[in-house]
Amino acid sequence: MENMEISENNEPIENKTEYRKIQGLVGEHSFSFVLPKLFAINLGIGKGDFVKVYQQENKIIVEKA
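The structure presented is a predicted model; accordingly, all values stated were derived computationally and were not measured. (Residues numbered from 1 in each chain as written. Predicted model: local features only at pLDDT ≥ 70, side-chain atom pairs only at ≥ 80, totals over all residues. Heavy atoms only, no water.)

Trainee: Can you help me understand the overall build of the protein chain in this one?
Mentor: Broken down by element type, the protein chain carries 1 helix and 4 strands. For the protein chain, the sequential pattern of α-helices and β-strands runs β-β-α-β-β. Relative to its 65 residues, the protein chain shows a buried fraction of 11%. For the protein chain, contacts bridging at least 24 residues in sequence account for 11% of all contacts bridging at least 6. (Helix = DSSP H or I, 4+ residues; strand = E, 2+ residues; numbered from the N terminus. Buried < 20%, exposed > 50% of the residue type's maximum accessible area, 1.4 Å probe, protein only. Contact = heavy atoms within 4.5 Å.)

Trainee: When you look at unusual backbone geometry in this model, what are you seeing that I'm missing?
Mentor: A negative phi holds for most residues other than glycine; trans holds for most peptide bonds. You will see that E57, though not glycine, has its phi angle at about 55°, which is positive. Mapping E57 onto the fold places it in the loop between β3 (51–56) and β4 (59–64).

Trainee: Looking at this structure, how should I read the pattern of salt bridges?
Mentor: Any two side chains of opposite charge can pair, so long as their charged atoms come close to each other. In the structure shown here, the tally under the stated rule is 2 salt bridges. Between E18 and R20 there is a salt bridge, and its shortest N-O distance comes to 2.6 Å. Among the salt bridges present, the one from K52 reaches E63, with a minimum N-O distance of 3.2 Å. Of the two residues, K52 sits in strand β3 while E63 sits in strand β4, which places them 11 residues apart along the sequence. (Salt bridge = Lys/Arg side-chain N within 4 Å of Asp/Glu carboxyl O.)

Trainee: In this structure, what is going on with a nonpolar patch on the surface? I would like to understand it.
Mentor: A cluster of nonpolar side chains, I22, L25, F31, F33 and L35, forms an exposed patch at the surface whose accessible area comes to about 530 Å². Relative to the helices and strands, L25 resides in strand β1 (residues 24–26). Since its relative accessible area comes to 57%, L25 is described here as exposed. (Patch = residues over 30% accessible without salt bridge, like charges linked within 9 Å, V, L, I, M, F, W, Y side chains within 5 Å. Areas by Shrake-Rupley, 256 points an atom, 1.4 Å probe, with all protein chains shown as cover.)

Trainee: Mind showing me how you'd approach the side chain of E18 here?
Mentor: By secondary structure assignment, the location of E18 is in the segment before β1. Residue E18 is classed as buried on the basis of its relative accessible area, which comes to 18%. Within polar-contact distance, the side chain of E18 engages the side chain of R20 at 2.6 Å. (Polar contact = N/O pair within 3.5 Å; in protein donor to acceptor, adjacent residues only side chain to side chain.)

Trainee: Looking at this structure, how should I read the pairing of β3?
Mentor: Within a regular strand, the side chains alternate between the two sheet faces. One ladder, built from 6 bridges, connects β3 with β4; its direction is antiparallel. Its bridge partner being in β4, V51 is matched across the sheet by K64. The antiparallel pairing of β3 with β4 creates a hairpin that spans 2 residues between the two strands, and E57 there sits at a positive phi of about 55°. (Pairing = 2+ DSSP bridges.)

Below is the structure:
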């Protein structure tokens, strides 16, 4: 994982590409992976929040719900 760049006021500066391994099968219909913390912070996503997930061509998009 790459190092996070932090501004003078401890805010994340930019998202960088990170590679994550699919953790495994969850039930019969889902796989899981861990969302990079910097991405979640930048989107205002925290524990218990919902996200919207959809496919757009060859990409999976995750948005704060």
